[in-house]
Amino acid sequence: MEYGIGIDASLGLKLAEQRELVGEAKASGYASAWTPSGPATRDGFQVCGQWAGEGLPVGIAVIPAPLWTVQSLAHQAGTLHEITGGNFTLGIGTGGIYGAEYRATYGLPAWPVVTMMREYMTALRGLLAGRAVSLEGKVVNLRGLRGTGRPLPVPLYRGALGPQMLRLAGELADGVSLNWTAPGMRAQVREAIAAGADRAGRDPAAVRVTEYIRVCIDDDVDAARRAFVRAFIGYALARPGASKDHGYRGHFRRMGFDAPLTRIEERRDAGAAEAELVDLFPEELLREMGYYGPAAGAPAALARLSEGLDLAIVRVVGVRPGLEAAKAVVRGCAPGAV
């Protein structure tokens, strides 16, 4: 089992402070540093380039396709591969919290997501291998496009929640980036990956299973809980009128959390304020999603939450602003203590 550190813009840290936090993570025994990337965040490639100076392997988990073209992803990932001496990993996903409605604001149609990701993964793999790629697909259309002309073997991870995407990752990806997935689901995750790998004649063990594990450390348990739920609520609840069978909401339904989330959605739709909704999330649900509370309880919780993974990425959730609060999470979850 390896442990990485995950840092995002919600912590409000300057880039220099983020880099210092990565240095703290290296000193504490973490194996890698990860950031998400999206249209409302800092550019993940630039961020990883800054962090690489601290000496840890870096990665993006994940960047939402198709808001970036295959060509731009290949060029940026290949460049970072060289800058980091081969220590960069690119994770791509469908942008689960953005969805078709969000993509429509960019003038992009609502393509079938499995088709989209198959074409992206296939084209990226070819370009990064230095091959000329011709692909006339529904989403990706390339005619003899060549990347740098030399192999740049960037590991490609696939953000996945449901069985179809997990099988696709088994077919085509070097790793799977899970998110908000309870430990009890990991066996099913690996079964789906194995089914895809078998279909492609691959060894399922070659596909690394990783996940962001949110951790919020503070002696004020109520404050830590509230910060944790604020990080969770945007994923957990379906938008009014939206389907509860797709995306993250469908993911939570498959895990058996439909009833409590439906009750919270009903209160929201009746006009309840966010502060009231935060109080409604049951403890048993939250404890399956991550950890909040004093540092003393973090190692045991992280060990339980990491079961079935190859790499657990401690995603720092802040209660209080500033670098020292973030460092408390890094130190509280130091791999040597887990």
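Just above, that's the structure.
Residues numbered from 1 in each chain as written. Predicted model: local features only at pLDDT ≥ 70, side-chain atom pairs only at ≥ 80, totals over all residues. Heavy atoms only, no water.

Asker: If you had to explain unusual backbone geometry to someone new, which residues and values would you point to?
Answerer: Cis geometry is found at the peptide bond from Ala61 to Val62, where omega equals -5°. Mapping Val62 onto the fold places it in strand β3 (residues 58–64). The phi dihedral of Trp180 falls on the positive side, at around 50°, and the residue is not glycine. Along the chain, Trp180 falls in the loop between β8 (175–179) and α7 (186–199). (Helix = DSSP H or I, 4+ residues; strand = E, 2+ residues; numbered from the N terminus.)

Asker: Could you give an account of helix α9 (residues 247–254), naming the residues involved and the relevant values?
Answerer: Within α9 the residues assigned to the buried category are Tyr248, Arg249, Gly250, His251 and Phe252. For α9, the elements touching its buried residues are β8, α8 (221–236), α10 (258–269) and α12 (283–289). Just downstream of α9, Gly256 is the residue with a positive phi angle, here 95°. (Buried < 20%, exposed > 50% of the residue type's maximum accessible area, 1.4 Å probe, protein only. Contact = heavy atoms within 4.5 Å.)

Asker: If you had to explain the packing of aromatic side chains to someone new, which residues and values would you point to?
Answerer: Centre-to-centre distance and the angle between the planes together describe a pair of aromatic rings. Taken as a whole, this structure holds ten aromatic pairs when the rule is applied. Aromatic side chains Tyr235 and Tyr248 sit 4.9 Å apart centroid to centroid with 80° between the ring planes, which places their arrangement in the edge-to-face category. With a gap of 13 residues between them, Tyr235 in helix α8 and Tyr248 in helix α9 connect regions that are remote in the sequence. Residue Tyr235 is classed as buried on the basis of its relative accessible area, which comes to 17%. These aromatic residues form a ring-pair network of at least three members: Trp180, Phe228, Phe232, Tyr235, Tyr248, Phe252, Phe281 and Tyr292. The ring centre of Tyr235 lies 5.6 Å from the NZ or CZ of Arg214, which sits over that ring. Lying over the aromatic face of Tyr292, Arg287 brings its terminal NZ or CZ to 3.8 Å of the ring centre. (Phe/Tyr/Trp six-rings, centres within 6.5 Å; stacked < 30°, edge-to-face > 60°. Lys NZ or Arg CZ within 6 Å of the ring centre and 35° of its normal.)

Asker: How would you summarise the side chain of Asp218 if you had to cite specific residues and measurements?
Answerer: Structurally, the position occupied by Asp218 is in the loop between β9 (208–217) and α8. Of the polar contacts made by the side chain of Asp218, one reaches the side chain of Arg320; its length is 2.7 Å. Apart from residues no more than four positions distant in its own chain, Asp218 is found in contact with Ala224, Gly293, Pro294, Val319 and Arg320. (Polar contact = N/O pair within 3.5 Å; in protein donor to acceptor, adjacent residues only side chain to side chain.)

Asker: Talk me through the pairing of strand β6 (residues 141–146); I want residue IDs and the actual numbers.
Answerer: Across four bridges, strand β5 (residues 132–136) lies against β6 in antiparallel orientation. Along β6, the bridge assignment pairs Leu135 with Leu142. (Pairing = 2+ DSSP bridges.)

All we've got here are geometric facts, nothing functional implied.
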